[in-house]
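# Observations on the three-dimensional arrangement
Listed below, chain by chain, are the residues.
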2 protein chains.
Amino acid sequence: MSYSYNDKTVISKVLEKHIRKLHSLVGNAVTEDRFIIFGTGSTQVISAAVHALSPDNASSPARVVASIPYYSLYREQTDYFESMHFKFEGDASPWINTTNTSSTNLIEFVTSPNNPDGQLNKAVLHGPYVKAIHDLAYYWPHFTPIPAPADEDLMTFTLSKLTGHAGTRFGWAVIKKKSVYERMTMHMELNTMGVSRDSQLRALKLLKVILEGKGREIFEFGYKTMKARWEILNQTLSLSNRFSLQKIPPQYCTFFQEFRESSPAYAWLKCEREEEKDCYAVLKAANIIGRRGYMFSAEDRYVRLSMIKSRDDFDALIERLKELVSEEESVVKGT
Amino acid sequence: MSYSYNDKTVISKVLEKHIRKLHSLVGNAVTEDRFIIFGTGSTQVISAAVHALSPDNASSPARVVASIPYYSLYREQTDYFESMHFKFEGDASPWINTTNTSSTNLIEFVTSPNNPDGQLNKAVLHGPYVKAIHDLAYYWPHFTPIPAPADEDLMTFTLSKLTGHAGTRFGWAVIKKKSVYERMTMHMELNTMGVSRDSQLRALKLLKVILEGKGREIFEFGYKTMKARWEILNQTLSLSNRFSLQKIPPQYCTFFQEFRESSPAYAWLKCEREEEKDCYAVLKAANIIGRRGYMFSAEDRYVRLSMIKSRDDFDALIERLKELVSEEESVVKGT
């Protein structure tokens, strides 16, 4: 089994065709006249994107930024691979007023829906020296209404958040510019000599199943499941003054052709009591393991809880939250 | 399918056990009390090794070197990922006398058997500031006698040159030091979040087949095939004054328990005529595609020819070489 397919590329043309078909069916991304590249998970795809968008011969490195709260890998990975060409700078907002007056190259990660809080983020930086990586890992109808097909210069996706096959390590990017596509292709070759064919075959099999019939079943099932979990969680915390959840406004979903509530992959839970600054510890004491706000460069008053673990895990989470809330009620009632 | 296995690692313990068993059976590497890490092909493993062996806080980057001729990826990949921590410097030999007098950190790639010329290279640099990456991709009984199990600090292997499944993108390293193992593990996580499970499963299936019975069949078949090809090639060029091949001394092979000729993966062909400095062009004119010496930082008087392509490709190579050699004879005979 060679490195490359018969057409000398390391990308299965059949799989690429199925990816385009899926985006077209779901209506979540424009892929006509766009390049598609594969990576070993979107982890590798976003690293390739940072390398590709960084200028080769600028006097100072491109600054890589994101709006808080943001997925910790952006920082960890960019710090790890830091070079003369790019450097992680953290929060995007201080750069908003500098984009036109300075020639600093900026690369903004725009995650939509956002990890951890599920918001449909937009880019906050605009200008001649700004480039964006739109991480659309969660932009599928089971997690969010799809208001319109995304049509950004560089969009990344992953099998992990589409079918749950994180272990297959298969991600992709949809790219407008040929030069960016070529640089990302070079990255994949020098880093891992392409993507495992076994992963590509697995991805193809899964996409074929998704596309069977009208191609709606997985999204209908996924939405129903995620929506039910989100409702149960909201209900569980509805009487609490101690804990709150993010609000995500309903929007029209072009895929389901109706207004829909969000059904996010994560709860972004806040400890509301002044003294409970370490929300992770509060939950930990109740045997609930989340990911602390600090990991997302936010306050530790926030914790990310996963809604996409197994049913057993989710049920246990709800049971333990119920206990916490009932303690709270007992205290309020003085019992 | 999660990112990790039930033990929270991203490495299949069953596969790891099979890899240790194979090394022990073949006798090509010591794996007792060693750490094993997986990568997306040895391409990713060697990149992780360069990152892991580079000092974190030195005043100048580690210099990455190799003996000429060397595999071009070392240069291409190290140049591409160049950072404050490491830098590719090319030929190892100028550094031989500086290893004790300078505090420059050096990382030497030692490829054995060497790509392109099949020699059982040894490290040329030694000293307190020198580390080595032993690339043992071809250190299997079908390509070389195995004089003894390799027992180096950091050794890399790949499925690609063991079974031919390059497209599966599966490589591994055998590592002595825990700190190096941990840094390489971090590299794999930040770069690709581990190795595809589908690749790991494929590797496991292949290793199980290799280990069936006495575990000798694939190596006996592989040696016979490669040895026959090498003999045919040598015979084809035996009367030529225009082309020559590398000589690799026979050695005792502990696996086959007898002295054996080498049976290399590549021919390192030299154009002997003074005026034929561009050997690649000479062969290209005869419809033979090799890889030019320049790619291995050597003279273009050399060309690497692959002995591991399909039988059809090999037969075509021999036919075309025969034509070249018979032209040569005609000229000599004046016919």
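Residues numbered from 1 in each chain as written. Chains lettered and ligands numbered in written order. Predicted model: local features only at pLDDT ≥ 70, side-chain atom pairs only at ≥ 80, totals over all residues. Heavy atoms only, no water.

## Quick notes on the overall build of chain A
Rule in force here: Each helix corresponds to a stretch of at least 4 residues labelled H or I by DSSP, and each strand to a stretch of at least 2 residues labelled E; elements are numbered beginning at the N terminus. Throughout, the radius of gyration refers to the C-alpha atoms, and the reference size of a globule is 2.2 Å times the residue count to the power 0.38. Accessibility here uses a 1.4 Å probe with only protein chains present; expressed as a share of the type maximum, an area under 20% marks a residue as buried, one over 50% as exposed, and anything in between as partly exposed.
Summing up its helical and strand segments, chain A has 8 helices and 13 strands in all. Here the C-alpha atoms of chain A give a radius of gyration of 21 Å, agreeing with the 20 Å that 2.2 N^0.38 yields for 335 residues. Dimensions of chain A, computed from C-alpha atoms along their principal axes, come out at roughly 70 × 50 × 35 Å. By the burial criterion, 56% of the 335 residues in chain A qualify as buried.

## A short note on the interface of chain A and chain B
Stated precisely, the cut-off is as follows: We call two residues contacting when some pair of their heavy atoms lies within 4.5 Å. What counts as buried area is the accessible surface, traced by a 1.4 Å probe, that two parts surrender upon association, with contributions from both included. The term salt bridge refers to a side-chain nitrogen of Lys or Arg lying within 4 Å of a carboxyl oxygen of Asp or Glu. A 3.5 Å cut-off defines polar contacts: any pair of N or O atoms within that distance qualifies, except that in protein one atom must be a possible hydrogen donor and the other a possible acceptor, and neighbouring residues in sequence count only when both atoms are side-chain atoms. In this classification, Asp, Glu, Lys and Arg are treated as charged, Ala, Val, Leu, Ile, Met, Phe, Trp, Tyr, Cys and Pro as nonpolar, and every other residue, Gly included, as polar.
If you look at the interface, chain A gives 39 residues, while chain B gives 39 residues. When chain A packs against chain B, the two sides together hide about 3,300 Å² of surface, and 58% of this comes from carbon and sulfur. Of all residues in chain A, the largest losses of buried area upon contact with chain B belong to Met1, Tyr80 and Leu190 of chain A, amounting jointly to 21% of the total for that side. In this structure, the connection of chain A to chain B is made through 2 salt bridges. Measuring nitrogen to oxygen at the nearest pair gives 2.5 Å for the salt bridge that ties aspartate 198 of chain A to arginine 202 of chain B. Here chain A and chain B share 31 residue pairs in polar contact (both at pLDDT 80 or more) between them. Residue assignment for the side of chain A that touches chain B shows that the elements contributing at least two residues are helix 2 (41–53), helix 3 (72–80), helix 4 (178–192) and helix 5 (197–211) of chain A. A per-element tally of the side of chain A that touches chain B places helix 4 of chain A first, with 7 residues. Taken together, the residues of the side of chain A that touches chain B sort by class into 12 nonpolar, 18 polar and 9 charged.

## So, the packing of helix 1 (residues 13–26) of chain A against helix 5 of chain A
All names here are of chain A. For clarity, the threshold we go by: Structural elements are reduced to axes, namely lines fitted to C-alpha atoms, with helices fitted over the stretch in contact, and the angle between N-to-C directions of any two is expressed from 0 to 180 degrees. By definition, any crossing whose near helix is turned counterclockwise from its far helix by less than a right angle is left-handed, and any crossing with a clockwise turn is right-handed.
The N-to-C vectors of helix 1 and helix 5 enclose an angle of 35°; their axes lie 10 Å apart at closest approach. When you trace helix 1 past helix 5, the crossing you get is left-handed. Contacts between helix 1 and helix 5 involve Val14, Leu15, His18, Ile19, Lys21, Leu22 and Leu25 from the first element and Gln200, Ala203, Leu204, Leu207, Lys208, Ile210 and Leu211 from the second. Here the contact of helix 1 with helix 5 is built from residues that sort into 10 nonpolar, 2 polar and 2 charged.

## So, the pairing of strand 5 (residues 130–135) of chain B
Residue and element names in this part refer to chain B. Here is the rule: By this definition, two strands are paired if DSSP reports at least two bridges between them.
Taken together, the 6 bridges between strand 4 (residues 106–111) and strand 5 define a ladder with parallel strand orientation. Among the inter-strand pairings, leucine 106 is bridged to a residue of strand 5, identified as valine 130. The pairing of strand 5 with strand 6 (residues 154–158) spans 2 bridges and is parallel. Paired with aspartate 135 across the strands is threonine 156, a residue of strand 6.

## Considering helix 2 (residues 41–53) of chain B
Basically, it comes down to this: Under the convention used throughout, the expected extent of a helix is 1.5 Å for every residue step, that is, one less than its residue count.
Here helix 2 of chain B contains 13 residues, and its C-alpha end-to-end distance of 19 Å stays within 8% of the 18 Å for a straight helix at 1.5 Å per residue. With respect to burial, helix 2 of chain B is a largely interior element, 13 of its 13 residues being buried.

## Here's the deal with the packing of helix 2 of chain A against helix 4 of chain A
All names here are of chain A. Heads up, the condition is: For this classification, under 35 degrees means roughly parallel, over 145 means roughly antiparallel, 65 to 115 means roughly perpendicular, and everything else is oblique.
The contact between helix 2 and helix 4 brings their axes to 9 Å, and the two run at 125°. The orientation of helix 2 relative to helix 4 falls into the category oblique. Note that helix 2 runs across helix 4; the crossing there is right-handed. The segment helix 2 lies against helix 4, with Gln44, Val45, Ser47, Ala48, Ala49, His51, Ala52 and Leu53 engaging Val180, Arg183, Met184, His187, Met188, Asn191 and Thr192. Per-class residue counts for the contact of helix 2 with helix 4 are 8 nonpolar, 6 polar and 1 charged.

## With respect to the sheet that holds strand 11 (residues 266–271) of chain A
Note on sheets: strands pair through backbone hydrogen bonds, and any given pair is parallel or antiparallel. Residue and element names in this part refer to chain A. Spatial strand order, 8-11-13-12: 4 strands in an open sheet with antiparallel pairing. Because the sheet does not close on itself, it has two edges, and the strands there are strand 8 (243–244) and strand 12 (291–292). Taken together, the 5 bridges between strand 11 and strand 13 (residues 302–306) define a ladder with antiparallel strand orientation. If you follow leucine 269 over to strand 13, its bridge partner there is valine 303.

## So, the state of the cysteines
Residues and elements named next belong to chain B. How we decide: In plain terms, two cysteine sulfur atoms within 2.5 Å form what is called a disulfide here.
A complete count under the given rule lists 2 disulfides over all chains for this structure. A sulfur-sulfur distance of 2.2 Å marks the disulfide that ties cysteine 271 to cysteine 279. The disulfide joining cysteine 271 to cysteine 279 has a torsion of about 70° about its S-S bond and is therefore right-handed. For cysteine 279, a relative accessible area of 0% corresponds to the buried category.

## Here's the deal with the sheet that holds strand 1 (residues 35–39) of chain A
All names here are of chain A. A sheet is described by the order of its strands in space; here 7 strands give the open sequence 1-7-6-5-4-2-3, paired in mixed fashion. The open sheet has two edge strands, strand 1 and strand 3 (86–91), and neither has a second partner. Strand after strand, the sheet turns through a mean of 25° between neighbouring axes, direction not considered. Relative to strand 7 (residues 171–175), strand 1 is paired through 5 bridges, and the arrangement is antiparallel. Across the sheet, residue isoleucine 36 finds its bridge partner in strand 7, namely valine 174. Packed on one face of the sheet, helix 3 meets strand 2 (62–66), strand 3, strand 4 (106–111) and strand 5 (130–135) and runs near 155° to strand 3.

## Focus on the domain arrangement of chain A
Residues and elements named next belong to chain A. To keep it simple, the criterion reads: What fixes the domain bounds is an automatic or database domain assignment.
Once the domains are mapped, chain A shows domain 1 (13–211) and domain 2 (217–333). For domain 1 versus domain 2, the separation of C-alpha centres amounts to 26 Å. Taken together, the contact between domain 1 and domain 2 spans 29 residues of the former and 29 residues of the latter. Interface area for domain 1 against domain 2, summed over the two sides, is near 2,300 Å², with a carbon-plus-sulfur share of 62%. Looking only at domain 1, the three residues that lose the most surface to domain 2 are His142, Phe143 and Pro145, adding up to 24% of its buried area. Applying the counting rule to domain 1 against domain 2 returns 0 salt bridges. Between the two partners, domain 1 and domain 2, sit 10 residue pairs in polar contact (both at pLDDT 80 or more). Only helix 1 and helix 3 provide two or more residues apiece to the side of domain 1 that touches domain 2. Each residue belonging to the side of domain 1 that touches domain 2 can be placed in one class, and the counts come to 19 nonpolar, 6 polar and 4 charged.

## Looking at the relation of the copies chain A and chain B
Formally: The least-squares superposition of copies is restricted to C-alpha atoms, and to residues with a pLDDT of at least 70 in both copies.
Overlaying chain A with chain B gives an RMSD of 0.0 Å, the required rotation being 180° about an axis along which the chain moves by 0.0 Å. What we have between these two chains is a two-fold relation. Rotation axis and chain A: the residue whose C-alpha lies nearest the axis is serine 83 of chain A, separated from it by 2.2 Å. The fraction of interface residues of chain A whose copies in chain B are also interface residues reaches 100%, indicating that both copies meet through the same surface.

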